[in-house]
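# Understanding the architecture of this molecule
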Amino acid sequence: MSNRLTDKLSPELRILVSAMRHATSDTGGTSQNAQEYRSALHTFDNDKLLILATNHNIRPLLSIFTELQPYLVDRTKNILTHIQLKSIRRNLKLVHVYHKIYESLTASGISVLPMKGNLFVAEYYRNNQLREMGDLDILIPPDQVVKAMGVLKSVNILPDFGRGTETDTAQSKWLHKQLSSKSQCEARFKSEGQVIDLHWEVSQPHYFQRLGYEQLFQHASIRDFFGKQVLLPHSDHVFWMLLTHHGGKESWLRLRHLVDLHLAMKHHYHIKSGAGTQSTAFNYDQVIDAHLIDMVAGWQLGSTFQDGIAILKGLELDGVARDESGLSARHEDYLSTLWNHTDRRSFSSIMMRSEEHTSEWSSDVCSSDLLKRRQGMNLEKFTERAKGLLQAGHTIAI
């Protein structure tokens with residue numbers, strides 16, 4: 001039996017991983033160990049490939065994967081072209097909306113920082129259009145949220161708090177209730193067809209975390225953000241955000257999140273080595289030094305980080321062929337099964353299920369033995385049940 005994660009992937013997943021390598025390589029070419037994926041070009045299913053790329057939010061990577069194009073049917077090519085153009089427009093609009101928010105709030109004396117997706121693109125991506133964007137996440141100190149709502153409404157960025165909150169009075173009442181809650185820390189707004197999630201804490205209180213909004217604002221500085229100088233979190237805190245959300249909250253279940261981590265590691269390598277725009281080859285072991293290990297350990301995200309790196313090594317995104325990923329066979333089965341899932345509704349329920357166990361699986365507060373036992377039991381139970389349900393065509397709801 002193979003000990004390699006890549007050997008457990010479906011043809012469609014092999015193509016997606018190869019597209020990830022191609023898009024993030026310094027030369028733009030196929031990575032040195034992509035030969036094993038070429039056989040998948042003759043056996044993959046176009047519809048399934050598109051569904052998986054949609055579930056994992058990496059469709060733009062397929063559009064620029066030149067080696068794949070001759071094997072795509074016209075329908076798939078047309079869909080990918082449409083999605084790519086739509087994604088570009090959406091990304092540009094999100095940046096425009098953020099600049100509008102930043103200018104409006106700062107003019108009123110309100111501090112604001114971008115969070116997550118757009119921030120990761122600005123920090124780690126050379127091609128801003130390679131990443132599909134979702135909502136726009138912003139962070140505001142809790143004592144400025146009520147004032148911020150008034151400012152945002154004045155520039156037509158409107159609350160979307162749900163049914164029964166259409167009036168100013170109802171919106172104010174709802175927001176004050178959320179602000180006093182110990183379990184909620186965000187409110188939704190909309191503008192120009194885009195969703196803006198306004199946060200007053202860095203992550204939900206019930207998720208495992210070790211930084212608060214005060215620290216992010218304290219160490220923030222003015223830097224370039226898509227052509228404009230705005231206040232941005234410290235680079236270390238951007239990386240913390242990535243680990244907390246992608247690895248802690250969502251357990252590395254989306255390939256897009258692994259692309260983010262891979263590019264973050266390349267970013268750390270460039271800083272460490274002093275490499276310029278023309279990068280040299282690297283592997284993950286060259287990046288992981290005592291400083292990085294101490295930093296993530298200080299955040300108590302060491303297990304989350306180690307899991308993410310082990311998965312990257314298993315996928316060989318750095319171009320280094322390995323006999324083993326460093327993951328247990330059970331963990332590899334878990335990932336390869338869920339990554340290959342094609343039901344969008346079921347995928348959402350999987351993500352929700354992973355959130356429930358974040359602190360249990362990823363927290364370094366647990367002893368390593370206890371963590372391994374808990375993680376092993378959950379992975380084993382979840383994987384076997386997931387396989388059974390998927391084979392039977394059911395939605396996963398554990």
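Below or above, wherever it landed, is the structure these notes cover. None of the values given here were measured: they were computed from a predicted structure.

The next thing to look at is the pattern of salt bridges. Per the stated rule, a full pass over the model turns up 21 salt bridges. In this structure, Lys8 engages Glu332 in a salt bridge whose closest nitrogen and oxygen atoms are separated by 2.8 Å. Within this pair, whereas Lys8 is found in the segment before helix H1 (11–24), its partner Glu332 is found in helix H14 (residues 329–339), the two being separated by 324 residues in sequence. Of the residues examined, Lys8 reaches a relative accessible area of 24% and is grouped as partly exposed. Judged by relative accessible area, which is 2%, Glu332 ranks as buried. In this structure, the salt-bridge partner of Asp318 is Arg322, at a minimum N-O distance of 2.7 Å. The class of Arg322 is buried, set by a relative accessible area of 14%. Taken together, the salt bridges that share partners define one network made up of Arg4, Asp7, Arg21 and Glu316.

The next subject is the nonpolar core. Phe239, Leu243, Met265 and Trp339 are the most contacted members of the largest nonpolar core, which totals 105 residues. It is helix H10 (residues 255–273) that provides the largest number of residues to this core, a total of 8 residues.

Although it is not a glycine, Phe226 sits at a positive phi angle of roughly 55 degrees. Backbone geometry at Trp252 places phi at a positive 60 degrees, although glycine is not the residue there. Locating Trp252 in the fold gives a position in the loop between helix H9 (235–249) and H10.

Turning to the environment of Gln286, a few remarks are in order. Topologically, Gln286 is positioned in helix H11 (residues 284–287). In this structure the C-alpha to C-alpha distance between Gln286 and Lys266, which are 20 residues apart in sequence, comes to 10.0 Å.

Moving on to helix H4 (residues 74–107). Along its 34 residues, H4 runs 50 Å from first to last C-alpha, staying within 8% of the 50 Å computed at 1.5 Å per residue. A positive backbone phi angle near 80 degrees is found at Gly109, which sits one or two residues after H4.

The next thing to look at is the pairing of strand S5 (residues 194–199). Across the 6 residues of S5, 6 count as buried, placing the element largely inside the fold. Burial along S5 is two-sided: Gln194, Ile196 and Leu198 and Val195, Asp197 and His199, pointing in opposite directions, are all buried. Across 6 bridges, strand S4 (residues 186–191) lies against S5 in antiparallel orientation. Counted as the bridge partner of Glu186 is His199 from S5. The antiparallel hairpin formed by S4 and S5 contains 2 residues in its connecting segment, where Glu192 sits at a positive phi of about 55 degrees.

Parameters and conventions
- Per-chain numbering applies: the sequence of each chain, read as written, is numbered from 1 onward.
- pLDDT decides what is reported in this predicted model: residues at 70 or higher carry local features, side-chain atom pairs at 80 or more are listed and counted, and totals for whole chains, interfaces and linings draw on all residues regardless.
- Only hydrogens and water are set aside when side-chain values are computed; all heavy atoms of the structure are taken into account.
- Salt-bridge detection follows one rule: a side-chain nitrogen of Lys or Arg within 4 Å of a carboxyl oxygen of Asp or Glu.
- Where helices and strands are cited, they refer to DSSP runs of H or I of at least four residues and of E of at least two residues respectively, numbered from the N terminus.
- Each residue gets one of three labels from its accessible area relative to the maximum for its type: buried under 20%, exposed over 50%, partly exposed in between, using a 1.4 Å probe on protein chains only.
- Definition of nonpolar core: a set of buried residues of the types Ala, Val, Leu, Ile, Met, Phe, Trp, Tyr and Cys, connected through side-chain atoms within 4.5 Å.
- Helix span, as expected, comes to 1.5 Å for every residue beyond the first.
- We call two strands paired when DSSP finds no fewer than two bridges between them.

The values reported here are purely geometric and, on their own, carry no functional implication.
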